[in-house]
Each structure stands twice: as structure tokens, then as C-alpha cells.
Amino acid sequence: MKRNLCFFIIFITAIIAACSSKEPVVAYPPDGGNLVIYNGTILTMAVENQKLDNTQALLIKDGVIKGIGKTQDIISQSSSLESVKYLNLNGKTLLPGFIEPHAHLMLTANGEAVTNLMPCLPDKYQKIYELDYPKGKKCKNYINEALGKLAKDNYLINGWYIGNGLDPSRMLLDNREPNPEWIDINRQFLNQPAHYIQSFNSEDEAFYITTKPSDGNYPFDDGTPLFILDQSGHLAYVNEVAFQKSDICSFTPGEVLNSESGVICVGTKDQMEKSLENAKSYYGFPDGAWGITCKEDRDICSFSGLLNEESSYQPFVDAIADPGTKAMLRHARQDDPALKVENRMVELMKIFSRQGVTTFVEGGGSSVGMIEAYKNMVKNNTMAARLRVLYTWDIKGTDGNPLNHKQFKNVVEKIPFEDSEFNGFLSAGGIKLWADGSTQGCSADLITVYDIDGLCKEFKRGHQNYDDQEIIENLGPFYEDGWYLNVHANGDQAIINTVTAFKNFGVNGPEYSDTPLTLIHSTVYDDKQKNDTIAAIKDAQKFVPNLSVSHLIGHVAYWGESMKNELGDERGGHIAPARSELEKGIDVSLHSDMSITPLYPLWFVEQAVTRKTWKYPKLTGNGESLIPNIPQKECMTKGECLTPYRALMAVTAIPAKQHQLDKLGTIERHKIADLVVLEHDPTISLADDIHSIPVACTFINGQKVKASVSQDGCQLTDLPKLL
């Protein structure tokens, strides 16, 4: 997901920081506890397949693992400790706490302020999701239903309809059964979304593309502007009046609203291409674009209502927020916006804790105000999980403008894990850059064009934000200053560009060669180029040995069929090739990119083990293998499926390594006792049932986290139970 994907995160963060200046009420849980854990299975994640049986126990002193050994020996050692507690696992399974290596906390919290248009999850996941996120019950799987929901909500922000999560890559246009024509229909929607949206009749939830009945109700063609964010975050959709309300242009042929910009909305093909260049220059979005649609003769063309990449949204975002943030905040469904957003983030961290998460990595600290908001949140609340932050390479200052590197060094600083002000509950040490867009959003930077018969046909090779030299220029100073780096790279061309830049860093700065460098998403490996792409990563490891990847495994589960449509069966069937990477010695972690997909680490494990997917809108059962007719065992040797243990390492040990969290991620002596207890052992559970394994409890610093009144599957005692 790109930084500042929605207008609300751009503006609310600074307000939160300003308003959250109260004195801390409860800063952190007490100092680390003394604890003995025994009588269960221990999956250490320190060495592949290392599993300790119920004769082994753990000794924790002051929140740190001090001993691993025979139960009676550990209990004897504990007798010298004060206030020691005992946890009898009774056959449960103990692991290191789960680490979410890439997600977006504030964006998720703020996104709840607008109408959610995201499609449903597969049934087996949806019923669990709704328990934690009740609003998820109102999900829609068809574009017409989603627009109907937006119209019925009639919820305007400063006079604009705002929606989040529309996804033409999975959602059919209307309530028809899937058929070969849906690709053409959805492609037409992407080519001219404003026309389709304006033809929507909310009374019967139908599109009238050619002729509109006069007695219909067309809420998005009545003079009210509309802005909808695609679920990928890399596309957005607006109606025609949005251009006029943003003082960009009108849809009167040749009319110029702003003589300085020289932008027109309607003209010949050549005039519109020139108009787009004018817009990119005047509004400052060289890495973005606005779609252009033409009639057959190409004499009459116009902006289509499709916005490509976040920077191109800015003129509309400014218009939505104008005349200031107060107008927008009045509609934020809360009395005290700053406090409510902070409270919601705290509650989200509790939900994550109930899924076994002990550390959450914010994948895009995009403004100084946002960072200050996180600092205040951690100071003001008892946190259910740790927060690790990556700053965006072009982080915005208090004036809303990106900081250059000199300004960055004067304004932004690392927050060490050991910082006494935050006691490990807030830390920062990494930098994030986006090299391309979204695969399902037709904007990944590809070596080979999108499939000529697929949804993204018109987008050809997708979209490039930065080439290898630009990545070197943008990230080189941070690398030399000792920051670890994450680069969003979905397409194989973006991967190659990033790896080339990383290799350059290692060659020219060998003193920093142990710095972790991570490819975020790393989704598309052209079938003909796959071995070359993996070989390029492996070759770069000679100079930067801590180069690894992190996959959004939900791409397989929720977009697998869409990817095959967009990329072709061969390319789409081998997205996120985790087993091939591991086979070559490339470490792999798994992430949610929340709010793009929900944060449930055991779901990630199951999805990496089974690589099953669903073809929307048919969401029943356990799904089908992304590559048909491959048995599970064969998938783990010839396909891209991971073993359960390796998948668990991808949410524990590997993300700890990627984010320089050296004291976390494994169960070993001298590691901090951030732990999760599961009711069952995922390594021996049925693969399709891993997602449903209950989390009994979590521990941070050896202290049990109280993330829910109802969740208490771990009873601590003052004395050990005789075995």
C-alpha cells in the first residue's frame, strides 16, 4: 500500500499530535515478569523444525528467557526467584510472539471513518473476521451493490461521497453469474469509471450505460462529487463533477478553469495527452496519471475518472479537505477526533494481540505528525503489542511538504528498541520506498506486459515509480546513515531495479553490508524470467547478505484467480514463489499490508501452506489450489507451498531479523519473553484448519497481555502443578 493513500490520513495525523498532549495515564505494563512455562509443546523457531516436547520447560526472569531444560530442573531453578508464576500449558503449544512485518495502523483506524466498499472474505475467514470487525458484515461482492451501499449511506464528507475498497479485479459489475464476458465488462469499467458510476441508478442498483430512464435516481450524477479508493490503494475513481469541484477543469469541450494549469477535460486525443502532461507538471504527480477515454474516432476524448497512483489524487484530496480539516473532522463520527482515533488504534492493537501478535510494524510513517501521534499513543496507553515504525523516504514535515535528506536528519531520529522513554513499545529504525504500484491494481512494474486477454490489458507493463538509479539516489543517503531499508516492489521489473540498487549499496558501502534490506510484496516472477529474478536476488546477497523478501500471502488467497486472469495462468499461478526463494537461501516473511487484508497470522500460515484461492463471488469451502491438480505434499516439493514450520518462521524469526529486532522472534536463552500460546500445534494440524486454531494468550516481557476480558486460556498459578 502506498503512503497517504486516503486523504483522511494526510490531515488527521497532525491534528492527533496536537490534541494528544495529555499527561500519560498508564505508560507501560510493569517490568518483566518471572515465569515458568511447562507441560506443552515448544516451537522455538530458532532452528527449522526444532520442537521441544512436554518434558521441557522455560524459565523467564525479569521478562527474559534465562533457561530452557528439563521441567524439574527449571522448577528447581525458579525457587530462588521472587514473585514467580507458573503456567501449565496442559498440552498447548508455545511459540515466539507473532510479528506483523508490514501493515498500516493509522490508515486502518482512519479508514473506518468512510464507507467501506471492500468485498467479502472467503466464508471460512469472514465468519471469524466479523467477530472482531462487526462492520465487515456489510461487505459486498458486486460493484453495483457497493455503489448502492455508498448511495444509501448518504454520508458526505465536506460535500463529497467518499468510499474505500472498491475492487474491480474481484467484484463483478452486477449480480450476474461469472461468465467470459465479465472480463470485458470490468475492463470497460476501468477504462471509463466516471461514465459507469454516473449511469448508476440507486433505485434498482443497475447501470444504464446508453440511455438513462428519466424516472431513475442517479446520485453520482446530480452535481455531487465522488472519490472512491480502490482496495489496492494504487487506483482511485472520481466522477466528472469532481474535476470541476477541484477547480481542475470542466467537461465543456475546450473550457479551461485554471489558466495557469492549462488543463482541459475534453478535447482530441493529442489535446488530452497534452492536458495530462500539464496536469502532472502543475499539480506535481510525475509518478501518477489520469486515465483518458476516447470515442472511436478519437476526435472526442476526456479524462475517464481513473486516477493512477497516490500522487495523482492530491488535487482532489485538497478539494475534499478545503477549507480546512475542521470541516472534514466534523463528519468523522466522533466527538473528539484525535482521542477517538488514538483509542481506535489502541483497540486495534488489542485485536491484533488476540491473534497472537506481539509486535506490529508500521510500513509507512509518512509524516512528522503521524510519528508524533504514535509517540503520544504509546505514552498515553497500556499497549497490547509493540509498535515498530518505518519512515517513508520522503516523509512530510509539519508544513505538509516532503523533507529533503538534510531536513530529515535535523527533524527525524531513530528510536532505539532500548529507548527508556518507550521501553521497547515504540521504536523506529527503517526507511520505506515504493518502486511501483499494485499487481491487482494493474500498476505493477512488469518485465512482460499484462496478459492481452485479461483485465489489465490496457495497462501493458504497468507502472514504474522509480528505476534503479532513482532508487539509489533516493535511498543511498539513508543506507549510508545506517538505516535498514524496505522497498515496495510488486512487479518483476521493480524487483530487478530494487535488487540492482541494493547490490550497488553493498558494492560501494561494504561497511554497511549487514544492514537488513527487504523486498516488500515481491509478487510477480515472469515464468520465463523467474529463475533469473531469483538468481539476481541471490547474486546480490554476496554483497548484501541480509537481503530478503516479505510476501503479502493474501495475494494468493484473495486475488489468486484475479492474478491468473491479469497475468496469465503460468505467471499468475506462481506469484509470491516462497518455496523457490527458500530453496535458494532467500529468507521469506509473510505480512497483511492491513488494511488491504486482515491481520491474522495463522491465516497467513495456512495460506502459505495450502496456496488455495477463491474465484469471486463463490467463497464457500476451502478454496482451490492456485495451480490445479497439485497434491499438498507435491506442492511443498515442486510447487510454492511452505511447510507449516517454515510458514511459522515467516511470522516470527524472519520478520524479527528483517526489522533488526534481535531480541525477539525466537525462543532462546537471553531473548525477551514475547510469546504466544496456541490451543493446538499448527505443525500437526490439518492444513485447512490452521486458521481456526484458538490463541489462548500472549505474553510481552514475560507478562500476560490483557487484550480481552473473555480471552483467558492461560491460568497462572503461584505453585507448579505436580506432573
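Peer 1: How do you make sense of the overall build of the chain when you look at a structure like this?
Peer 2: A tally of helices and strands in the chain yields 24 helices and 31 strands. Rg of the C-alpha trace for the chain: 25 Å, near the compact-globule value of 27 Å for 723 residues, within the 12% margin. Oriented by its inertia axes, the alpha-carbon framework of the chain measures out at about 85 × 60 × 55 Å. Put simply, the chain has 723 residues, and 63% of those count as buried. As presented, the chain carries roughly 27,000 Å² of accessible surface, and 47% of it is formed by carbon and sulfur atoms. When the 69 positive and 92 negative side-chain charges of the chain are each reduced to one mean point, those points stand 5 Å apart.

Peer 1: Looking at this model, I keep getting lost on the state of the cysteines. Mind explaining?
Peer 2: Each disulfide consists of one covalent bond between the sulfur atoms belonging to two cysteines. Inspection of every chain in the model, using the stated rule, returns six disulfides. Note that Cys 294 is cross-linked by a disulfide to Cys 301, the S-S spacing being 2.0 Å. Disulfide Cys 294 to Cys 301: torsion about the S-S bond roughly 110 degrees, handedness right-handed. The exposure class assigned to Cys 301 is buried, which follows from its relative accessible area of 1%. Residue pairing for Cys 697: its cysteine sulfur links by disulfide to Cys 714, the two sulfurs lying 1.9 Å apart. Looking down the S-S bond of the Cys 697 and Cys 714 bridge, the torsion is -85 degrees, so its handedness is left-handed. Separated by 17 residues along the polypeptide, Cys 697 in strand β29 (residues 695–700) and Cys 714 in the loop between β30 (703–704) and β31 (716–717) bring together distant segments of the chain. Accessibility assignment for this pair places Cys 697 and Cys 714 in one class, buried.

Peer 1: Help me understand the packing of aromatic side chains, please; the structure alone is not making it clear to me.
Peer 2: For any pair of aromatic rings, the description rests on two quantities: the centre-to-centre distance and the angle between the ring planes. All told, the structure shown has 30 aromatic pairs when counted by the stated rule. Between Tyr 283 and Trp 290, the ring centres sit 6.2 Å apart and the planes meet at 45 degrees, which makes this aromatic pair tilted. In this structure Trp 290 comes out as buried when scored by relative accessible area, which is 2%. A centroid spacing of 6.1 Å and a plane angle of 75 degrees characterise the contact between Tyr 391 and Phe 408, whose relative ring orientation is edge-to-face. Of this pair, Tyr 391 sits in strand β20 (residues 386–396) while Phe 408 sits in helix α14 (residues 405–411), placing them 17 residues apart in sequence. Positioned above the aromatic ring of Tyr 616, the side-chain terminus of Arg 170 is 4.8 Å from the ring centre. When the ring centre of Tyr 218 is taken as origin, the NZ or CZ atom of Lys 212, which lies over that ring, is 5.0 Å away.

Peer 1: Can you walk me through the pattern of salt bridges in this structure?
Peer 2: A pair can form between side chains of opposite charge whenever their charged atoms are brought close. If you walk through the whole model with that rule in mind, you get 24 salt bridges. Between Asp 167 and Arg 170 there is a salt bridge; the shortest N-O distance is 2.8 Å. A single burial state applies to Asp 167 and to Arg 170, both of which are buried. Measuring nitrogen to oxygen at the nearest pair gives 3.0 Å for the salt bridge that ties Lys 657 to Asp 587. With Lys 657 in helix α24 (residues 653–658) and Asp 587 in the loop between α20 (578–583) and β25 (588–591), this residue pair connects regions lying 70 residues apart in the sequence. Under the relative-accessibility criterion, Asp 587 is labelled buried at 18%. One network of salt bridges, in which partners are shared, links Lys 503, Asp 539 and Lys 542.

Peer 1: So what exactly am I meant to see when it comes to unusual backbone geometry here?
Peer 2: Both trends apply: most residues other than glycine have a negative phi, and most peptide bonds are in trans. Between Met 594 and Ser 595 the backbone carries a cis peptide bond, its omega angle lying at 25 degrees. Topologically, Ser 595 is positioned in the loop between β25 and α21 (601–610). Between Tyr 616 and the following residue, Pro 617, the backbone shows a cis peptide bond with an omega angle of 10 degrees. Topologically, Pro 617 is positioned in the loop between β26 (612–613) and β27 (624–625).

Peer 1: I would appreciate a short explanation of the nonpolar core in the present structure.
Peer 2: In a soluble, globular protein the nonpolar side chains are often hidden away together inside. In this structure, Leu 105, Phe 352, Tyr 374, Tyr 391 and Leu 475 are the most contacted members of the largest nonpolar core, which totals 149 residues. Non-local contacts of Tyr 391, meaning those with residues more than four positions away in its chain, are made with Gly 365, Ile 371, Phe 408, Val 412, Glu 413, Ile 415, Ala 428, Gly 430, Ile 431, Lys 432 and Trp 483. In this structure, Trp 160, Ile 162, Val 238 and Ile 320 belong to the second largest nonpolar core, which totals 31 residues.

Peer 1: Got a minute to help me understand the side chain of Arg 386 in this structure?
Peer 2: Relative to the elements of secondary structure, Arg 386 occurs in strand β20. A polar atom in the side chain of Arg 386 sits 2.6 Å from the side chain of Asp 674. At a separation of 2.8 Å, a polar atom in the side chain of Arg 386 contacts the side chain of Asn 701.

Peer 1: I would appreciate a short explanation of the pairing of strand β1 (residues 35–38) in the present structure.
Peer 2: In summary, the side chains of a regular strand alternate between the two faces of the sheet. Along β1, one buried face is formed by Leu 35 and Ile 37 and the opposite face, lined by Val 36 and Tyr 38, is buried too. Looking at chain direction, β1 and strand β6 (residues 85–88) are connected through four bridges and run parallel. Looking at β6, one finds that Ile 37 is bridged to Leu 87. Across three bridges, the pairing between β1 and strand β4 (residues 56–61) is antiparallel. For Val 36, the partnering residue across the bridge sits in β4 and is Leu 59.

Peer 1: How should the pairing of β4 be read in this particular structure?
Peer 2: Among the six residues that make up β4, five are buried, leaving the element largely enclosed by the rest of the structure. Both β4 and strand β5 (residues 64–70) contribute to a ladder of six bridges, which runs antiparallel. The residue of β5 that forms the bridge with Leu 58 is Ile 68. Taking the residues that link successive antiparallel strands as the turn, the β4-β5 hairpin has two residues, and the phi of Asp 62 there is positive, at about 50 degrees.

Peer 1: Sorry, what's going on with the packing of helix α4 (residues 123–132) against α21 here?
Peer 2: Packed helices, taken two at a time, are described by their axes: the angle between them and the distance between them. Running from amino to carboxyl end, α4 crosses α21 at an angle of 175 degrees, the nearest separation of the two axes being 12 Å. On the basis of the axis angle, α4 is roughly antiparallel to α21. In this structure, α4 contributes Lys 124, Tyr 125, Ile 128 and Tyr 129 to the contact, and α21 contributes Trp 603, Glu 606 and Gln 607. Counted by class, the contact of α4 with α21 contains four nonpolar, one polar and two charged residues.

Peer 1: Is there a simple way to explain the sheet that holds β29 in this structure?
Peer 2: Two modes of strand pairing occur in sheets, parallel and antiparallel, and in both the strands are linked by backbone hydrogen bonds. Strand order in the open sheet made by the six strands is β3-β2-β7-β28-β29-β30, with mixed pairing throughout. The open sheet has two edge strands with one neighbour each: β3 (51–52) and β30. Note that strand β2 (residues 41–43) and β3 share two bridges and pair antiparallel. Within β3, the residue paired with Leu 43 across the bridge is Lys 51.

Peer 1: What's the story with the environment of Thr 643 in this structure? I'm lost.
Peer 2: By the secondary structure assignment, Thr 643 is in the loop between α22 (632–635) and α23 (644–649). With 44 residues separating them in the primary sequence, Thr 643 and Ala 687 have C-alpha atoms 9.7 Å apart. Setting aside residues no more than four positions away along its own chain, Thr 643 makes contact with Glu 48, Val 609 and Met 636. One polar contact links the side chain of Thr 643 to the main-chain amide nitrogen of Arg 646, over a distance of 3.2 Å.

Peer 1: What is the right way to read the sheet that holds β20 from this model?
Peer 2: Within the open sheet, the eight strands sit side by side as β8-β19-β20-β21-β22-β23-β24-β25. Their pairing is parallel. A strand with exactly one partner marks an edge of an open sheet, and here the two such strands are β8 (98–103) and β25. Each strand of the sheet is rotated relative to its neighbour by a mean of 25 degrees, with strand direction disregarded. As defined by bridge partners, β8 adjoins strand β19 (residues 357–367) across four bridges and the pair is classed as parallel. Looking at the pairing, Ile 99 lines up with Thr 359 of β19.

Parameters at a glance
Residues numbered from 1 in each chain as written. Predicted model: local features only at pLDDT ≥ 70, side-chain atom pairs only at ≥ 80, totals over all residues. Heavy atoms only, no water. Helix = DSSP H or I, 4+ residues; strand = E, 2+ residues; numbered from the N terminus. Rg over C-alpha atoms; globule rule 2.2 N^0.38 Å. Buried < 20%, exposed > 50% of the residue type's maximum accessible area, 1.4 Å probe, protein only. Areas by Shrake-Rupley, 256 points an atom, 1.4 Å probe, with all protein chains shown as cover. Lys, Arg positive; Asp, Glu negative; His and termini not counted. Charge placed at Lys NZ, Arg CZ, Asp CG, Glu CD. Disulfide = S-S within 2.5 Å. Phe/Tyr/Trp six-rings, centres within 6.5 Å; stacked < 30°, edge-to-face > 60°. Lys NZ or Arg CZ within 6 Å of the ring centre and 35° of its normal. Salt bridge = Lys/Arg side-chain N within 4 Å of Asp/Glu carboxyl O. Core = buried A, V, L, I, M, F, W, Y, C linked by side-chain atoms within 4.5 Å. Contact = heavy atoms within 4.5 Å. Polar contact = N/O pair within 3.5 Å; in protein donor to acceptor, adjacent residues only side chain to side chain. Pairing = 2+ DSSP bridges. Axes fitted to C-alpha atoms, helices over the stretch in contact; angles between N-to-C directions. Parallel < 35°, antiparallel > 145°, perpendicular 65-115°, else oblique. Nonpolar A, V, L, I, M, F, W, Y, C, P; charged D, E, K, R; others polar.

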